[in-house]
Amino acid sequence: SKLSTTWSPSAKMAATFFMRFRYEENSNVNYEQATFVPGATLWYAPSNKLNLTMAYTFNNQDTENRACVGWYHG
C-alpha cells in the first residue's frame, strides 16, 4: 500500500510526504518479508531561475526465510 500527500503553503514552496508498506509471505517455504519506506521531499524556489530540492527516503526491509541450501561437490 502507498500513501502520499503534498502541502504547498505558497506558489514557491511545497513539501511532499510519502510512505510505502509491503508485506509478502509464502507458507509453503516459511518465507516472510516486510518493507517499510517513508520519506519526504521539500521544494523551494527563491527566484524564477533557481529551484532547490531536498529529499530523504528511509528503507527498512526485514526478511525471514527458513530454507535448506544444498551443497553440491563435483
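In short, a report on the structure. (Residues numbered from 1 in each chain as written. Predicted model: local features only at pLDDT ≥ 70, side-chain atom pairs only at ≥ 80, totals over all residues. Heavy atoms only, no water.)

1. Observations concerning a nonpolar patch on the surface
A cluster of nonpolar side chains, Leu3, Met19, Phe21, Tyr23, Phe36, Tyr56 and Phe58, forms an exposed patch at the surface whose accessible area comes to about 710 Å². At 3 residues, strand β2 (residues 13-26) tops the list of elements feeding residues into the nonpolar patch. Among the secondary structure elements, Phe58 is positioned in the loop between β4 (50-57) and β5 (60-65). With relative accessibility at 38%, the residue Phe58 sits in the partly exposed group. (Patch = residues over 30% accessible without salt bridge, like charges linked within 9 Å, V, L, I, M, F, W, Y side chains within 5 Å. Areas by Shrake-Rupley, 256 points an atom, 1.4 Å probe, with all protein chains shown as cover. Salt bridge = Lys/Arg side-chain N within 4 Å of Asp/Glu carboxyl O. Helix = DSSP H or I, 4+ residues; strand = E, 2+ residues; numbered from the N terminus. Buried < 20%, exposed > 50% of the residue type's maximum accessible area, 1.4 Å probe, protein only.)

2. A closer look at the environment of Met13
For Met13, the location among the structural elements is in strand β2. When the C-alpha atoms of Met13 and Ala45 are compared, they prove to be 6.5 Å apart, with 32 residues separating the residues in sequence. Once you skip the residues sitting within four places of it in the chain, Met13 turns out to touch Ser8, Trp43 and Tyr44. (Contact = heavy atoms within 4.5 Å.)

3. Some remarks on the pairing of strand β3 (residues 31-47)
Here β2 pairs with β3 via 14 bridges, running antiparallel. Across the sheet, residue Glu25 finds its bridge partner in β3, namely Glu32. Connecting β2 to the antiparallel partner β3 that follows it, the hairpin turn spans 4 residues, and Asn30 within it adopts a positive phi of roughly 55 degrees. Sheet topology note: the β3/β5 ladder contains 6 bridges and is antiparallel. (Pairing = 2+ DSSP bridges.)

4. Description of the pattern of salt bridges
Counted according to the given criterion, the structure contains 1 salt bridge. Note that Arg22 is salt-bridged to Glu24, the shortest N-O span being 3.6 Å. In this structure Arg22 comes out as partly exposed when scored by relative accessible area, which is 44%.

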